[in-house]
Amino acid sequence: FLYADPANVHFDEVMAYYHLNKVAEFFRNLGHTEHATPMPAYVHVPDPYSGSPHFDNAYYSPFENAVYFGHGSIFNNLAHEAAVIYHEYTHAVVHALQPFMATPQANALHEGYADYFACSLSSDPKIGEFIVKPLEKEFLRDLRTQKTFANYSGSDVHADGEIWGGTCWEIQEALGRHAADLLIYQSLWYLPQNATFVDAYDALVQADAILF
């Protein structure tokens, strides 16, 4: 499909279709078999709380097993950035392997894993460069961060997620992309309910012992 005008809603649909297939294949190559049937994806979605047509967010819904992308008034269209699409699909993967992640640390891990795999597939430690251009910012988050658990807030899951996402990115820089992707994916199978950062570390060690 060729769309000369990126404002055409069909451009968004094709963008989501292409990159969701790409990230699904990426996880299948890591051994993921949990998503064997098509997943609905929606673009230009309104704000689910206010009904406003301008929704500056994207999300995965475990209740519908579907992904949603808004076209807000602050950010650029979220369906136009591949890493955002990869991020939301990764939430579906994490949920499939450990559906009980509801505490602040567990939710931060969710965001950290989603950022890591989005950045790994993009070969870029930064996420959100396109969507934040209207704000004259360089990126939304950067996994080449100096954050440690000392920076944990317990209130901002995306900022706290950078702690774990950055840890995973350092593992990739040390071991290479293939080994790190496989290790971090396999570790998801060993997360307990409402995992903490320490649990995620233990899961990595367990996966490493089994794989390598």
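Just so you know, these numbers come straight off a predicted model, no measurement behind them. (Residues numbered from 1 in each chain as written. Predicted model: local features only at pLDDT ≥ 70, side-chain atom pairs only at ≥ 80, totals over all residues. Heavy atoms only, no water.)

K.L.:
Explanation requested: the side chain of E88 in the structure shown.
P.N.:
Residue position: E88 is located in helix α2 (residues 82-97). Summary of buried charges: E88 has no salt-bridge partner, and the nearest side chain of opposite charge, R141, is 6.9 Å away. Every residue in contact with E88, bar those within four places of it in the chain, is listed here: A58, Y59, Y60, V67 and F69. (Helix = DSSP H or I, 4+ residues; strand = E, 2+ residues; numbered from the N terminus. Buried < 20%, exposed > 50% of the residue type's maximum accessible area, 1.4 Å probe, protein only. Lys, Arg positive; Asp, Glu negative; His and termini not counted. Salt bridge = Lys/Arg side-chain N within 4 Å of Asp/Glu carboxyl O. Contact = heavy atoms within 4.5 Å.)

K.L.:
Quick question: what am I supposed to make of the packing of aromatic side chains here?
P.N.:
Using the criterion set out here, one finds 15 aromatic pairs in the structure. Aromatic pair F149 and Y152: ring centres 5.0 Å apart, planes at 10 degrees, arrangement stacked. Overall, the relative accessible area of 22% leaves Y152 in the partly exposed class. One aromatic cluster is present, formed by F26, F27, Y89, Y116, F117, W169 and Y185 through successive ring pairs. (Phe/Tyr/Trp six-rings, centres within 6.5 Å; stacked < 30°, edge-to-face > 60°.)

K.L.:
Teacher, can you tell me more about the environment of A118 here?
P.N.:
Note that A118 resides in helix α3 (residues 104-122). Linking A118 and V157, residues 39 residues apart in sequence, is a C-alpha distance of 17 Å. Excluding residues within four positions of it along the chain, A118 makes contact with A83, Y86, H87 and I127.

K.L.:
Even after reading the chapter, I still don't get the packing of α3 against helix α4 (residues 157-175), so can you show me in this structure?
P.N.:
A pair of packed helices can be characterised by two numbers: the angle between their axes and the separation between those axes. It is at 7 Å that the axes of α3 and α4 come closest, and there the two elements cross at 50 degrees. One finds that α3 runs oblique with respect to α4. With respect to the hand of their crossing, α3 and α4 are arranged in right-handed fashion. In contact with P104, N107, A108, L109, E111, G112, Y113, Y116, C119 and S120 of α3, α4 contributes V157, H158, D160, G161, W164, G165, C168, W169 and Q172. Across the contact of α3 with α4, the residue classes tally to 10 nonpolar, seven polar and two charged. (Axes fitted to C-alpha atoms, helices over the stretch in contact; angles between N-to-C directions. Parallel < 35°, antiparallel > 145°, perpendicular 65-115°, else oblique. Left-handed = near helix turned anticlockwise from the far one by under 90°. Nonpolar A, V, L, I, M, F, W, Y, C, P; charged D, E, K, R; others polar.)

K.L.:
Quick question: what am I supposed to make of the pairing of strand β3 (residues 66-69) here?
P.N.:
Side chains A66 and Y68 project from β3 onto one buried face, and the interleaved V67 and F69 project onto a second face that is buried too. As defined by bridge partners, strand β1 (residues 41-43) adjoins β3 across three bridges and the pair is classed as parallel. By the bridge assignment for β3, Y42 is matched with Y68. Bridging between strand β2 (residues 58-61) and β3 involves four bridges; their strand directions are antiparallel. Across the sheet, the residue bridging to Y60 is V67, located in β3. Between β2 and β3, which pair antiparallel one after the other, the connecting turn spans four residues, and N65 there sits at a positive phi close to 50 degrees. (Pairing = 2+ DSSP bridges.)

K.L.:
Looking at this model, I keep getting lost on α4. Mind explaining?
P.N.:
What sets the pattern is the α-helix's 3.6 residues per turn: residues three or four places apart point alike. For α4, which comprises 19 residues, the first-to-last C-alpha distance of 27 Å matches the rise-based estimate of 27 Å (1.5 Å per residue) to within 8%. The sharpest bend along α4 reaches about 25 degrees and sits at I163. Within α4 the residues assigned to the buried category are D160, G161, E162, I163, W164, G165, G166, C168, W169, I171 and Q172. Buried residues along α4 sit against α3, β5 (141-142), α5 (177-187) and α6 (197-211). Here α4 starts with a cap whose side-chain oxygen sits 3.1 Å from the backbone nitrogen of H158, and that cap is D156. Among the residues trailing α4, G176 stands out with phi positive, at a value near 95 degrees. (Expected span 1.5 Å × (residues − 1). Bend = angle between axes of the 7 residues up to and from the residue. Polar contact = N/O pair within 3.5 Å; in protein donor to acceptor, adjacent residues only side chain to side chain.)

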